[in-house]
Amino acid sequence: EGITRLGAHSFAGYENITEITLPEGLDSIGAFAMECANMTELNLPSTLTTIDDNGLKGLWNLRTLHIPASVTYIGANALSYMQSLSEFTVDEDNSRYVSEDGVIYTNGYSELVAFPGYGKTEYVVDGNVLNIADGAFWGSDIEKITLDEELETIGNYAFAGCTNVWRMTVEAVL
């Protein structure tokens, strides 16, 4: 009962919204559902399982984001272009995703899913990472990054909008 899905562009263009607490019972967030550039706080419900491609993209003023234990799918670019976000956290009971030092990985660290947009200027990608997800670093403050030799793929738009990058060390053969 109640809202179970936010469809594509549900809150498109709502520039005055600064805070949203999504209701329990909500299962999925559609593409570009939260286009609220001035939002500083977003609370995701414990029932959320899916964040579709581009679902939360572009929440420029969001400061932190906590991913509940129930989330099992984060789509391409879903958490990208969050330029003020200093930290992602993932509930410790989440079986699919983990966070370390504010960065989201798949459990086992084989994929780097999302990198915070603000405050991290240097980063060495974990040696277990085989894939960097679509849009993972999009719009971040990163200046220097080291990619491990085990890296196999870099997703679409992975480093788009990273205008501060001046050194990228690629130790991998792609």
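Cut-off values and rules
- Residues numbered from 1 in each chain as written.
- Predicted model: local features only at pLDDT ≥ 70, side-chain atom pairs only at ≥ 80, totals over all residues.
- Heavy atoms only, no water.
- Helix = DSSP H or I, 4+ residues; strand = E, 2+ residues; numbered from the N terminus.
- Rg over C-alpha atoms; globule rule 2.2 N^0.38 Å.
- Buried < 20%, exposed > 50% of the residue type's maximum accessible area, 1.4 Å probe, protein only.
- Pairing = 2+ DSSP bridges.
- 1 Å grid on protein atoms, 1.4 Å probe; cavity = no way out; pocket = protein on both sides within 12 Å on 5 of 7 lines; lining within 4 Å.
- Points joined across faces, edges and corners; volume = space filled by probe spheres on them.
- Patch = residues over 30% accessible without salt bridge, like charges linked within 9 Å, V, L, I, M, F, W, Y side chains within 5 Å.
- Areas by Shrake-Rupley, 256 points an atom, 1.4 Å probe, with all protein chains shown as cover.
- Salt bridge = Lys/Arg side-chain N within 4 Å of Asp/Glu carboxyl O.
- Lys, Arg positive; Asp, Glu negative; His and termini not counted.
- Charge placed at Lys NZ, Arg CZ, Asp CG, Glu CD.
- Contact = heavy atoms within 4.5 Å.

Visitor: Could you give an account of the overall build of the protein chain, naming the residues involved and the relevant values?
Guide: Each helix and strand in the protein chain was counted, giving zero helices and 16 strands. On C-alpha atoms alone, the protein chain measures out to a radius of gyration of 15 Å, which is about the 16 Å that the 2.2 N^0.38 rule sets for 174 residues. In the protein chain, buried positions account for 45% of the 174 residues.

Visitor: Pulling in residues and values, what's your account of the sheet that holds strand 1 (residues 5–6)?
Guide: Taken together, four strands build an open sheet; the order of strands is 1-3-5-7 and the sheet is parallel. Edge positions in the open sheet fall to strand 1 and strand 7 (73–74), since each of these has one partner strand only. Strand direction decides the pairing type here: strand 3 (residues 28–29) and strand 5 (residues 50–51), joined by two bridges, are parallel. Within the sheet, the bridge partner assigned to S28 lies in strand 5 and is T50.

Visitor: An account of empty space enclosed by the protein is needed here, citing residue identities and associated values.
Guide: Scanning all chains against the criterion turns up one cavity of 30 Å³ or more. The volume enclosed by the largest cavity comes to roughly 30 Å³. Around the largest cavity, the lining residues are L79, S80, Y81, M82, F115, G117, G135, A136, F137 and W138.

Visitor: Lay out a negative patch on the surface in plain terms, naming residues and giving numbers.
Guide: Taken together, the side chains of E149, E150, E152 and E171 present a region of like negative charge at the surface. Topologically, E171 is positioned in the segment after strand 16 (167–170).

Visitor: Tell me about the sheet that holds strand 15 (residues 153–154), and name the residues and values.
Guide: Pairing is mixed in the open sheet, where five strands are placed in the order 9-10-11-13-15. Two strands close off the open sheet at either side, each with one partner strand: strand 9 (97–100) and strand 15. Note that strand 13 (residues 131–132) and strand 15 share two bridges and pair parallel. Bridged to I132 within strand 15 is I154.

Visitor: I'd like a rundown of the environment of L85, residues and numbers included.
Guide: Counting through the fold element by element, L85 comes out in the loop between strand 7 and strand 8 (87–90). A sequence separation of 32 residues divides L85 from G117, and the C-alpha atoms of the two residues are 5.3 Å apart. Discounting residues that sit within four places of it in the chain, L85 has contacts with L62, R63, T64, L65, P116, G117 and Y118.

Visitor: Just give me the short version of the environment of I154, but keep the residues and values in it.
Guide: Inspection of the secondary structure assignment puts I154 in strand 15. As a C-alpha pair, I154 and I132 span 22 residues in sequence and 4.9 Å in three-dimensional space.

Visitor: Give me the lowdown on the pairing of strand 6 (residues 64–67), citing residues and values where you can.
Guide: Residues in a regular strand project their side chains so that they alternate between the two faces of the sheet. Here strand 6 shows one buried face, formed by L65 and I67, and one open face, formed by T64 and H66. Where strand 6 meets strand 8, four bridges bridge the pair, whose relative direction is parallel. Residue pairing across strands places I67 opposite V90, the latter belonging to strand 8.

Visitor: Break down the layout of surface pockets for me, citing the residues and quoting the values.
Guide: Its volume calculated, the largest pocket comes out at about 190 Å³. Taken together, 22 residues line the largest pocket, and the ones lying closest to its centre are I74, G75, E111, A133 and D134. Looking at the lining of the largest pocket, the elements with two or more residues in it are strand 7, strand 11 (111–114) and strand 13. The element contributing the most residues to the lining of the largest pocket is strand 11, with three residues.

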